[in-house]
Protein chains: 2
Amino acid sequence: MALTNPPLSLPIAPSIVTVFEQEHFQGKCLEFTSECCNIYECGMDNIRSIRVESGAWVGFEHHDFQGQQFILERGEYPNWESYTGALSYHTERFMSFRPIYCASHHSSRMMIFERENFMGRCSELCDDYPSLQAMGWFMPEVGSMHVQCGAFVCYEYPGYRGQQYIMECERHSGDYQHWKNWGSHCQTPKIQSIRRIRH
Amino acid sequence: MALTNPPLSLPIAPSIVTVFEQEHFQGKCLEFTSECCNIYECGMDNIRSIRVESGAWVGFEHHDFQGQQFILERGEYPNWESYTGALSYHTERFMSFRPIYCASHHSSRMMIFERENFMGRCSELCDDYPSLQAMGWFMPEVGSMHVQCGAFVCYEYPGYRGQQYIMECERHSGDYQHWKNWGSHCQTPKIQSIRRIRH
């Protein structure tokens with residue numbers, strides 16, 4: 001059995017996620033197939049473990065899709081550390097989430113620019129880049145970005161570490177003019193690794 | 001300028017890393033182009049920030065390449081959180097490191113097996129897999145692994161999070177029969193994402 005992507009003609013399975021109030025998939029649990037803007041209003045205090053059954057999701061620290069972002073792909077997340085990664089500030093909150101629309105990752109495409117408002121030197125990305133600098137980008141920052149197709153996750157540090165920013169062609173017309181638009185938690189233009197989000 | 005990999009005929013640049021005793025590239029610093037088995041013997045107490053100039057490296061919690069492993073690719077790591085990622089135990093030590101020999105990532109190839117000693121169902125990997133389950137693997141564990149060509153980094157959780165294990169065809173003949181061989185810090189067969197290491 002080779003692990004290959006499904007042929008493009010296959011229907012996309014529905015996105016399904018199960019969230020648990022306690023670590024290690026214990027306590028009250030709820031299954032979702034679409035967005036949840038406030039887990040508190042669903043009768044849960046917080047989310048402490050997650051099982052993604054299908055699709056790609058993004059989780060948020062605060063309700064209404066605010067605060068730190070966490071990319072969630074199929075698999076098991078038994079505790080807070082497992083879905084966050086290295087973060088510049090530590091907060092064990094996970095209050096809202098939504099599915100991510102992604103193209104086939106073969107057609108994912110975005111532009112990164114040296115300066116804000118799509119100015120300065122630029123590069124087209126259509127692959128996964130664990131180190132932008134190793135692949136030819138000349139500095140540890142990105143000024144602005146435009147997602148032409150699909151969805152990407154951008155990371156503060158090399159090797160897919162640090163703060164995560166989900167960038168989608170379906171949101172803001174794919175335009176991210178300034179680091180202040182990358183997410184309500186973003187405090188720096190540092191971006192050192194970027195990868196496509198796949199179903 | 002498109003970010004593409006260098007043509008295969010290009011000579012591989014030497015691996016260069018600069019390590020700093022303080023966060024944010026402050027304090028005493030040393031440059032290395034080959035392995036260091038004990039930073040203490042080089043006159044430094046600990047490493048608290050890192051700049052990888054070229055090549056791919058692996059850092060270790062303890063001297064003599066023991067303890068937790070950290071993949072380090074080209075870029076800037078200003079503090080401990082930036083090079084570790086989400087870990088099941090927190091220890092701010094970084095005492096030894098060495099360069100990683102990797103093939104062109106186009107020819108990187110490994111097999112994963114359901115059970116230890118290369119038994120049970122198996123799959124060949126030759127790409128990056130942010131979620132093994134999304135790509136067809138049927139459980140959140142891997143029993144054993146064999147690296148045929150190049151080097152890979154395996155992660156405990158999806159999306160390249162959690163404990164990291166560096167797997168190289170140049171070490172142990174590429175054979176990793178049991179999770180106890182994946183690294184001296186490994187305490188579980190959980191592997192939910194795997195990617196190639198590139199220069």
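Residues numbered from 1 in each chain as written. Chains lettered and ligands numbered in written order. Predicted model: local features only at pLDDT ≥ 70, side-chain atom pairs only at ≥ 80, totals over all residues. Heavy atoms only, no water.

Asks: Any chance you could explain the side chain of Ser144(A) here in plain terms?
Replies: Residues and elements named next belong to chain A. Mapped onto the elements, Ser-144 comes out in strand β10 (residues 144-149). On the accessibility criterion, Ser-144 (0% relative accessible area) is buried. Among the polar contacts listed, one links the side chain of Ser-144 to the backbone oxygen of Arg-115, at a separation of 2.6 Å. Apart from residues lying up to four places away in sequence, Ser-144 is in contact with Met-111, Ile-112, Phe-113, Arg-115, Glu-116, Asn-117, Phe-118, Met-119, Tyr-176 and Gln-177. (Helix = DSSP H or I, 4+ residues; strand = E, 2+ residues; numbered from the N terminus. Buried < 20%, exposed > 50% of the residue type's maximum accessible area, 1.4 Å probe, protein only. Polar contact = N/O pair within 3.5 Å; in protein donor to acceptor, adjacent residues only side chain to side chain. Contact = heavy atoms within 4.5 Å.)

Asks: Is there a simple way to think about the relation of the copies chain A and chain B in this case?
Replies: The two chain copies are related to each other by a rotation about an axis together with a translation along it. When chain A is fitted onto chain B, the two copies agree to an RMSD of 0.0 Å after a turn of 180° and an axial shift of 0.0 Å. Taken together, the rotation and translation describe the operation of a two-fold axis. Looking at the interface residues of chain A, 100% of them are also at the interface in chain B, so both copies use one shared face. (Least-squares fit on C-alpha atoms with pLDDT ≥ 70 in both.)

Asks: Teacher, can you tell me more about the interface of chain A and chain B here?
Replies: Often the size quoted for an interface is simply the accessible area lost on bringing the parts together. On the chain B side, the residues contacting the 48 residues of chain A number 49 residues. Regarding the contact of chain A and chain B, the summed buried area is about 3,900 Å², with carbon and sulfur atoms giving 51% of it. Scanning the region where chain A abuts chain B turns up 2 salt bridges. The tally of links from chain A across to chain B stands at 12 residue pairs in polar contact (both at pLDDT 80 or more). If you list the elements that add at least two residues to the side of chain A that touches chain B, you get β5 (66-72), β6 (75-77), α1 (80-84), β9 (119-125), β11 (151-157) and β12 (161-168) of chain A. (Buried area = accessible area lost by both parts, 1.4 Å probe. Salt bridge = Lys/Arg side-chain N within 4 Å of Asp/Glu carboxyl O.)

Asks: Before we go on, may I ask you to explain the packing of aromatic side chains in this structure?
Replies: Aromatic ring pairs: the centre-centre distance and the angle between the two ring planes describe each pair. Under the definition given, this model contains 25 aromatic pairs over all chains. Residues Trp57(B) and Phe97(B) carry aromatic rings whose centres are separated by 5.9 Å and whose planes lie at 65° to one another, so their mutual orientation is edge-to-face. In this pair, Trp57(B) is assigned in strand β4 (residues 57-62) and Phe97(B) in strand β7 (residues 96-99), connecting sequence segments 40 residues apart. You'll find Trp57(B) and Phe97(B) in the same group, each marked buried. One aromatic cluster in this structure is built from Phe32(A), Trp57(A), Phe70(A), Tyr83(A), Phe94(A) and Phe97(A). Cation over ring: Arg51(B) sits above Phe25(B), and NZ or CZ is 4.3 Å from the ring centre. (Phe/Tyr/Trp six-rings, centres within 6.5 Å; stacked < 30°, edge-to-face > 60°. Lys NZ or Arg CZ within 6 Å of the ring centre and 35° of its normal.)

Asks: Got a minute to help me understand the domain arrangement of chain A in this structure?
Replies: All names here are of chain A. With domains assigned, chain A is organised as domain 1 (16-99) and domain 2 (109-196). Relative to domain 2, the C-alpha centre of domain 1 lies at a distance of 24 Å. With 15 residues of domain 1 in contact, the opposing surface of domain 2 contributes 14 residues. Here domain 1 meets domain 2 over a buried area of about 1,200 Å², counting both sides, of which 39% is carbon and sulfur. (Domains from an automatic or database assignment.)

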